[in-house]
Amino acid sequence: MSKIVVAVALLCSGLLSNLTIRNVLADSYNYFSDYECNMPLMKNAVLTATSSLNDRGPEKARLNGNSAWTPVENTYNHFLTLDLGDKRTTRKIATMGRPYTNEFVTEYIVQYSDDGEYWRSYVNPSNEPQMFKGNSDGNSIHYSVFDVPIIAQWVRINPTRWHDRISMRVELYGCDYVSDNLYFNGTGLVRFDLQREPIASTKESIRFRFKTATANGIMMYSRGTQGDYFALQLKDNKMVLNLDLGGGVMTSLSVGSLLDDNVWHDVVISRNRRDIVFSVDRVLVHGRIKGDFNRINLNRELFLGGVPNIQEGIAVPQNFSGCLENIYFNATNFIREMKEAFEIGENYRYQKVNTVYACPSPPIYPVTFTTRNSFVRLKGYEAQKTLNVSFYFRTYEERGMMLHHEFASGGFVKVYLEYGKVKIDLKLGDKPRIILDNYDEKFNDGKWHSFVLTMARNKLVLNIDLRPMTTTKTIQFSTGRTYHIAGGIDKHGFVGCMRLILVDGNYKLPKDWVQGEEVCCGDEVVVDACQMIDRCNPNPCQHNGVCHQNSMEFFCDCQHNGYAGAVCHTSSNPLSCQAFKNVQHVQQRVDINIDVDGSGPLKPFPVTCEFYTDGRVVTTLSHSQEHTTTVDGFQEPGSFEQNILYDADMQQIEALLNRSHSCWQRLSYSCRSSRLFNSPSESGNFRPFSWWVSRHNQPMDYWAGALPGSRKCECGILAKCHDPTKWCNCDSNSLEWTEDGGDIREKEYLPVRALKFGDTGTPLDEKQGRYTLGPLRCEGDDLFSNVVTFRIADATINLPPFDMGHSGDIYLEFKTTIESAVLFHATGPTDYIKLSIIGGNKLQFQYQAGSGPLGVNVGTSYHLNDNKWHTVSVERNRKEARLVVDGSIKAEVREPPGPVRALHLTSDLVVGANTEYRDGYVGCIRALLLNGKMVDLKEYAKRGLYGVTADCVGRCESSPCLNNGTCIERYDGYNCDCRWSAFKGRICADEIGVNLRSSSIIRYEFEGSFRSTIAENIRVGFTTTIPKGFLLGFSSNLTGEYLTIQISNSGHLRCIFDFGFERQEIIFPKKHFGLGQYHDVRFSRKNSGSTVVLEVDNYEPQEYHFDIKASADAQFNNIQYMYIGKNESMTDGFVGCVSRVQFDDIYPLKLMFQQNPPSNVKSLGTQLTEDFCGVEPVTHPPIDIETRPPPLVDEEKLRKAYNEVDAVLLGCLLVILFLLLCLMGFLIGRYLHRHKGNYLTHEDNGADGADDPDEAVMHSTTGHQVTKRKEWFI
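All values reported here derive from a predicted model rather than from experimental measurement.

Reading the values: the criteria
- Residues numbered from 1 in each chain as written.
- Predicted model: local features only at pLDDT ≥ 70, side-chain atom pairs only at ≥ 80, totals over all residues.
- Heavy atoms only, no water.
- Core = buried A, V, L, I, M, F, W, Y, C linked by side-chain atoms within 4.5 Å.
- Buried < 20%, exposed > 50% of the residue type's maximum accessible area, 1.4 Å probe, protein only.
- Helix = DSSP H or I, 4+ residues; strand = E, 2+ residues; numbered from the N terminus.
- Contact = heavy atoms within 4.5 Å.
- Polar contact = N/O pair within 3.5 Å; in protein donor to acceptor, adjacent residues only side chain to side chain.
- Pairing = 2+ DSSP bridges.
- Axes fitted to C-alpha atoms, helices over the stretch in contact; angles between N-to-C directions.
- Phe/Tyr/Trp six-rings, centres within 6.5 Å; stacked < 30°, edge-to-face > 60°.
- Lys NZ or Arg CZ within 6 Å of the ring centre and 35° of its normal.
- 1 Å grid on protein atoms, 1.4 Å probe; cavity = no way out; pocket = protein on both sides within 12 Å on 5 of 7 lines; lining within 4 Å.
- Points joined across faces, edges and corners; volume = space filled by probe spheres on them.

Q: I keep staring at the nonpolar core and nothing clicks. Help me out?
A: Grouped burial of nonpolar side chains is what soluble globular proteins tend to show. Trp692 and Trp703 are the most contacted members of the largest nonpolar core, which totals 48 residues. If you list the elements that add at least two residues to this core, you get α3 (577-583), β43 (589-594), β44 (605-611), β45 (617-621), α4 (650-659), β48 (662-672), β51 (754-757) and β52 (768-779). Look past the residues within four positions of tryptophan 692 in its chain and what remains in contact with it is Leu667, Gln698, Pro699, Met700, Tyr702, Trp703, Ile744, Tyr749, Val752, Ala754 and Leu755. In terms of nonpolar packing, the next biggest core, distinct from the first, is built from 46 residues, Ile792, Leu812, Ile833 and Val856 among them.

Q: For this particular structure, what's the right way to read the side chain of aspartate 260?
A: Along the polypeptide, aspartate 260 turns up in the loop between β15 (251-255) and β16 (265-272). Within polar-contact distance, the side chain of aspartate 260 engages the side chain of arginine 394 at 3.0 Å. If we ignore the near neighbours within four places in the chain, the residues touching aspartate 260 are Thr212, Ala213, Thr214, Ala215, Asn237, Arg394, Trp448 and Arg499.

Q: Even after reading the chapter, I still don't get the sheet that holds strand β57 (residues 832-838), so can you show me in this structure?
A: The pairing of strands in a sheet comes from backbone hydrogen bonds and takes either a parallel or an antiparallel form. Strand order in the open sheet formed by six strands is β54-β63-β56-β57-β58-β59, with antiparallel pairing between adjacent strands. The open sheet terminates on both sides in strands that have one partner only, identified here as β54 (797-799) and β59 (854-859). The average angle at which neighbouring strand axes cross in this sheet is 10°, direction not considered. In this structure, strand β56 (residues 821-827) lies alongside β57, joined through six bridges in antiparallel fashion. Its bridge partner being in β57, alanine 826 is matched across the sheet by isoleucine 833.

Q: Quick question: what am I supposed to make of the packing of aromatic side chains here?
A: How two aromatic rings sit relative to each other is given by the distance of their centres and the angle of their planes. Inspection of the entire model under this criterion finds 45 aromatic pairs. Summarising the aromatic geometry, the rings of phenylalanine 369 and phenylalanine 494 are spaced 6.5 Å apart at their centres and angled 75° between planes, so their arrangement reads as edge-to-face. Within this pair, whereas phenylalanine 369 is found in strand β24 (residues 367-369), its partner phenylalanine 494 is found in the loop between β34 (482-485) and β35 (496-503), the two being separated by 125 residues in sequence. Take phenylalanine 494: its relative accessible area is 0%, and that puts it in the buried class. For the ring pair tyrosine 439 and phenylalanine 443, a centre distance of 5.8 Å and an interplane angle of 80° mean the geometry is edge-to-face. By relative accessible area, tyrosine 439 is classed as buried at 1%. Grouping aromatic residues by their ring pairs yields a cluster made of Phe634, Phe640, Tyr669, Phe677, Phe686, Trp703, Phe757 and Tyr771. A cation over a ring is seen here: arginine 499 above tryptophan 448, with NZ or CZ 4.2 Å from the ring centre. The cationic tip of arginine 770 hangs over the ring face of tryptophan 737; the distance from NZ or CZ to the ring centre is 3.9 Å.

Q: So what exactly am I meant to see when it comes to empty space enclosed by the protein here?
A: The tally for this structure, following the rule as stated, stands at four cavities of 30 Å³ or more. Looking at the second largest cavity, its volume works out to about 80 Å³. Ser576, Cys577, Thr619, Gly780 and Asp781 are the residues nearest the centre of the second largest cavity, which is lined by 13 residues in total. Looking at the lining of the second largest cavity, the elements with two or more residues in it are α3, β45 and α4.

Below, the structure is given as structure tokens:
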């Protein structure tokens, strides 16, 4: 048996004998081992570049050279092109920077081409150009592996990020490319017999290459007698895989687009049981095969290139037209094995029909018109009475001129696209223009469409996709000389591709068109390539948004999916009922959709929000069985079953449960002679007649209102059952109706998934039951209780690095009083993101993704630092960055043209300051979501982080401002506003008083309309040693009404007033007020002025009630003056110190002693000065000063560093010892070889004990009696 028989027989089992079978994974395709395909490819390559410096040309770009390629300018539009001389398999690339410098490329794009003109980018699984990581210095080598090898002759590198300057050296690794081809002409196929060796497999991999110019065709097909099949086909220029493992349920996967462009495409299919990966040109689709089976069973035929008749799973009727290359089933090359089988005569299992081992190129030369100014001017037959123009076209543009011809007889004919529809504008001589609109469908769908326009006398035929539309009118014309294709005269030309352009039946190869004469304009017309990009494949619109595109960009339609933004990323629905309440004026009850994970994958679902006056918010999720249902005629335990269908799926419900403070569901069962649990029972012998099923499909052993595992109902827990010997009311088996019910509050078991009942007899007996299951109800939202306070400006929460990539979002809510601060910041080698509040009324999001910095600002007409909660949502996607403040104020900034670069962030996501702990934020932050996932900020705060506290706790929470002072929150401190207090100072505790003499008088005049009151708030503090005097008085000359507070001669406090009903006098006799002590007196009225409340010092308030006639008026009318110390009619006034003077919101002493006092308050007697009346101000303990702890040190790194230092110190010590030994040896040698010499001294002898110099001379022994002394020379 040949190898191919064994290979195909064991196609999916991974058991090929003498072959290594590789399972192709989603993120790694091991085509060859390093030994097989890892050779340097650039030995004979030709290197060119868009530009270069004089001494750093492209030839310097070879790896390990002593220089590097460096372009003239540092821009994104430079390419290093590598011509490998022949088609190669490239598996790996190595890069370096310029040696011994900081010039290197940190990121780049790789492109490849079969002809050196039409380039395709190596893309990632999302069909975006892959950004390869480069170097970190100029000397080291960085390798990047191509998961799917590049098979091409030309490779070029486009640097996108760099350090200092673009400089790079390159090497490619791979091997020669050997191809085995099969060509199919649309009528051919290859049949391989599987009946002798059927396939039964749980895993397999298939990979091959293909190219075609047709949009539909069957590539591979096989099936078995048990209903298994797989069908791989092209449908509408997309690759479609239909698969059934025998369960009768088809799984369909689609990937790729514009695959009929006649260039090579790489296909990989990998299956492991029911998990499957489908890839075309590195664009991946992950799928899960439907059904319950894991094995595919194929025992009929395997077809390549087509089938003889339509089979199950096939969606197109045409066989494949084009080339298949290097078809690998696991590790076996099918085409090569088939060739060998025919060569040795063992081809009895093969059948080839209309196929050849080659890949001829079809005579199709597409042309791309890249701009609206590009066009082709072709010649036709002049002065003819007929015309015929035909071509194929494909485009994504809604508008564009496709054909324009001027008649020699006057007039013209135009064919153009308008809103995707093909229309004709016809003008004949002096006749009015005619607009023909014959087709209802749109043709800007990116597919190839055939176009034929035929005109003759009195007849016009427009034929699109072989559907002719004939117009019969009076038509007479004479053709002109030239035909403008795709524009020319009209500035709004056609953008897209055309092929097989014929004018009057004549075809001229596009490569033979004359530039300037026939083609305009330069590189704007690309010949022999259709350079269109399907920007909607894979769909960049999230949450099932509908993608549309033109030649430049894509657009997302998010109208019907509950999301918004350029890519339908941001949810338009609130996160919860609590979130809805935070931004809306709510009623008691409202039906809305909520999106519990925001921008995450879960869809919105309907709920009912209930808002209570005490602030509680309850979310109600309904289901299909909320009505009371009768159960009758089901005797066996659990024989009646009711599954519960909720208005949300289980993942959505679990997210709601996990976020809620508490949840419950009401369940009750009314019964008549129908038992529920058959209680009492033992734990090992619990056999109930009825039960409910939890979220995890677990039968539960307790009824609503009881405890898990109790095997009881609520009455059994409370010992209040109808039959005391039973644990449920229904278990009493009473002929009367009884009920067991309660709330299920264990969130881990909610919601109720199903209900099962029994013991309801037959429809003819008395046994019967009725159950009612209420909706799932939840209260609270943990998202908004997940609050922390930053109380110090450099305090932060450092989250793990946030991979924002190409698309990501951050949501948070903040409350602060700071004007300018950084809310969060993260950085990478060059990229960063930062959200700041600026000036108290603007939010700014800044970021950089490879290119220059971008920013989006939202200014508000109100203050954002007003100590109220504000929401902010930041989103960056492939098209724009978006900032939304308080749910409605939005701003966007578009991404610059070119490839969208992923944000590469390597630092921590620092919340509360920038990464250097500057520009810090103080205030509260809650509800932080990263890509829809909640971050548990409280958990970080509970770790004892510096300057961060759990919950939103400001400095004003402790009410530090006294005496009616208003606390102004700063979170890192506070300020006290003493405007509405009779005090001053930092906490409004400093007395403002005055020492009064007998002649002193202070008068306050009520300006403007005089004040009238019925409930005054009067306060005065004083100290005196003279037990008499006028403290405070109010009067009106207009009404004669007055109020006086004074000290009587007996030393008691006395209040006298007349408010129009009669004179009243109140004496406070419990205290003598002339003993020099400080006293605080408060006078107020209530009950429409009929009750006076007098508060003195710390005594209990005294209330005095007065009977006021119905006709009397208790209002103190038209108050004109307030006097302190005495009034103008008195001779002697109060002697002592007075402070804390207050009348409602008037503080006369505070006004009098301010820097520029008003004119209505003044001292009429002697000059007065401010005094604190001997009352020392109250003070608070100082706020503890916190300092940022030193950064955490990695002990392993520190130990390693110490080890390195120890080694260095030991080495230095040994060197020093060695040098000392050398020095010692040198000195010893000098000593042993020293030179000896003599000299004579003339020092005086005998003068050692002399008292002075004269005596020393007298006693000295001088002259010739000298001794020899020795001096040593070294």
